[in-house]
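Listed here are the chains, written in short residue letters.
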Amino acid sequence: MLIMRSQIRHALLLGALCTGVAACDLDLENPNAPSSEQIVGSVDGILAVTVGMQSEFAFSIEDYLVPSSLGTDEWGTRTRALLSWISMYNGENFEEGFTTVYTPYANSFQTIRSANTALVGANSLDMGTGTTAGVKATAKLFKAMTLGWLIQIFEKAPLDVASDGAVPVDRAQVMASVLALLEEARADLGSVSDAELSSFKARALGPGIDLRNTIDAMLARYYLMDGQFANAIAAADRVNLNVLSVLEYPAPTRNPVENLAFQLEYVGGLQSFADEAEPGDQRPAYWLDLAAAPLSSNPSGVDIKPLAKYSQPNDPFPLYLPDEMKLIKAEALTRTGQYG
């Protein structure tokens, strides 16, 4: 309230100063904010945008997980949860204006705009072979992953976010764009050696991210979703299963899932997720603390357990799990009749 009053006083004072002045320009320039021309015209600017793009994606993870995890009854809502979250979970009194609907949509296009800016700079600046390839591949990878999340949540999504009023297109078109971006990213790295990429990695790539493996893992994931089973198998075979690729959350930042579950106390895992698993399935105990007492819930009477995974503030978030590649291959082989 004090800040608001101060802003009002400044606005009134500025208005008084402008009274009687023929041309009082209120479009003031922020000296601390570089223009888009300065960003795309500078190697340092493009590398900074590339870093920021990865950060935007990393902190959007919660926005992608909330609707899917609540909608599939893997998570339940606790007493502190927002109404929009409770409505997403129980399907009652749901409104399209809830944050669980528009936040993943809005945040995704911040990441995509950053990716587009990075690509403009990479195509116009002489950054050297390795850095140019690294920026292009990383921007296309993160743009593809963002669009890939969107089509797992929404029926349609726009591909062109450069202007207002962009028209959403159907899932098939978005999927085609996702796969094209990933194949382009793979081609951008092409014959570029790890030594040539070393400078880019040190300056602009998240320390937990393996670029080549992540591109192939995403190709495997989305080729499977698109029914291109041979391509899914080929991509999964290229992934080194001994290499992890993760988003990191060093202090003072927090893993957004840990923040939701333990700091805000909005969500927890449903005991029914474990109860409905087949005997011997190791996933429930991996994700949930099944020995813990039930947490308070809303609606009441729902058995909610604390998360076992992402229980610490700085836990990393995997862009994929190595065993996902095995499951992708298993499904793709099965769907093509290769049961052995």
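Residues numbered from 1 in each chain as written. Predicted model: local features only at pLDDT ≥ 70, side-chain atom pairs only at ≥ 80, totals over all residues. Heavy atoms only, no water.

(A) Representation of the sheet that holds strand 6 (residues 304-305). If you walk across this open sheet you meet the 3 strands as 1-5-6, and the pairing is antiparallel. With partners counted over all chains shown, the strands left at the sheet margins are strand 1 (75-77) and strand 6, one partner each. Note: strand 1 against strand 5 (residues 267-270), 3 bridges, orientation antiparallel. Residue glycine 76 lies in a different strand from strand 5, and its bridge partner there is glycine 268. This element, helix 4 (residues 61-71), spans strand 1 and strand 5 of the sheet and lies at about 95° to strand 1. Packing against the sheet, helix 5 (residues 83-90) makes contact with strand 1 and strand 5, and its axis sits at approximately 130° to strand 1. (Pairing = 2+ DSSP bridges. Helix = DSSP H or I, 4+ residues; strand = E, 2+ residues; numbered from the N terminus. Contact = heavy atoms within 4.5 Å. Axes fitted to C-alpha atoms, helices over the stretch in contact; angles between N-to-C directions.)

(B) Molecular detail of the layout of surface pockets. Estimated volume of the largest pocket: approximately 1,500 Å³. If you trace the largest pocket, you find 42 residues lining it, with Glu74, Arg221, Trp287, Leu321 and Glu324 closest to the centre. Taken together, the elements giving at least two residues each to the lining of the largest pocket come down to helix 4, helix 7 (129-153), helix 10 (211-225), helix 14 (283-287), strand 7 (317-318) and helix 15 (322-335). Of the residues forming the lining of the largest pocket, the biggest block, 6 residues, is contributed by helix 15. As a volume, the second largest pocket reaches approximately 280 Å³. Around the second largest pocket, the lining is made up of 17 residues, and of these Gln54, Ser55, Gly206, Pro207 and Glu248 lie nearest the centre. Those elements that provide at least two residues to the lining of the second largest pocket are helix 3 (43-58) and strand 4 (246-247). (1 Å grid on protein atoms, 1.4 Å probe; cavity = no way out; pocket = protein on both sides within 12 Å on 5 of 7 lines; lining within 4 Å. Points joined across faces, edges and corners; volume = space filled by probe spheres on them.)

(C) Molecular detail of empty space enclosed by the protein. A full pass over the atoms with the stated rule returns 1 cavity of 30 Å³ or more. Reported here for the largest cavity is a volume of approximately 30 Å³. Those elements that provide at least two residues to the lining of the largest cavity are helix 12 (256-263) and strand 5. A per-class count over the lining of the largest cavity returns 6 nonpolar, 1 polar and 2 charged. (Nonpolar A, V, L, I, M, F, W, Y, C, P; charged D, E, K, R; others polar.)

(D) Molecular detail of helix 15. If you check helix 15, its first and last C-alpha atoms are 21 Å apart, about what 14 residues at 1.5 Å a residue would give, namely 20 Å. Every buried residue of helix 15 is accounted for by Pro322, Glu324, Met325, Ile328 and Ala332. All buried residues of helix 15 fall inside an arc of 145° around its axis, so they share one side. Those residues of helix 15 hidden inside the fold are in contact with helix 10 and helix 11 (229-238). Looking one or two residues past helix 15, glycine 337 carries a phi angle of roughly 80°, positive in sign. (Expected span 1.5 Å × (residues − 1). Buried < 20%, exposed > 50% of the residue type's maximum accessible area, 1.4 Å probe, protein only. Arc of directions from axis to C-beta.)

(E) Region of the structure containing helix 9 (residues 194-204). The set of residues buried in helix 9 consists of Leu197, Phe200 and Ala204. The arc that holds every buried residue of helix 9, seen down its axis, measures 55°, which confines them to one face. Turned more than 90 degrees away from the buried face of helix 9 sit Ala195 and Ala202, all of them exposed. In this fold, the buried residues of helix 9 make contact with helix 3, helix 7, helix 8 (171-189) and helix 10.

(F) Structural context of the pairing of strand 5. As paired elements, strand 5 and strand 6 share 2 bridges and run antiparallel to each other. Looking at the pairing, glycine 269 lines up with lysine 305 of strand 6.

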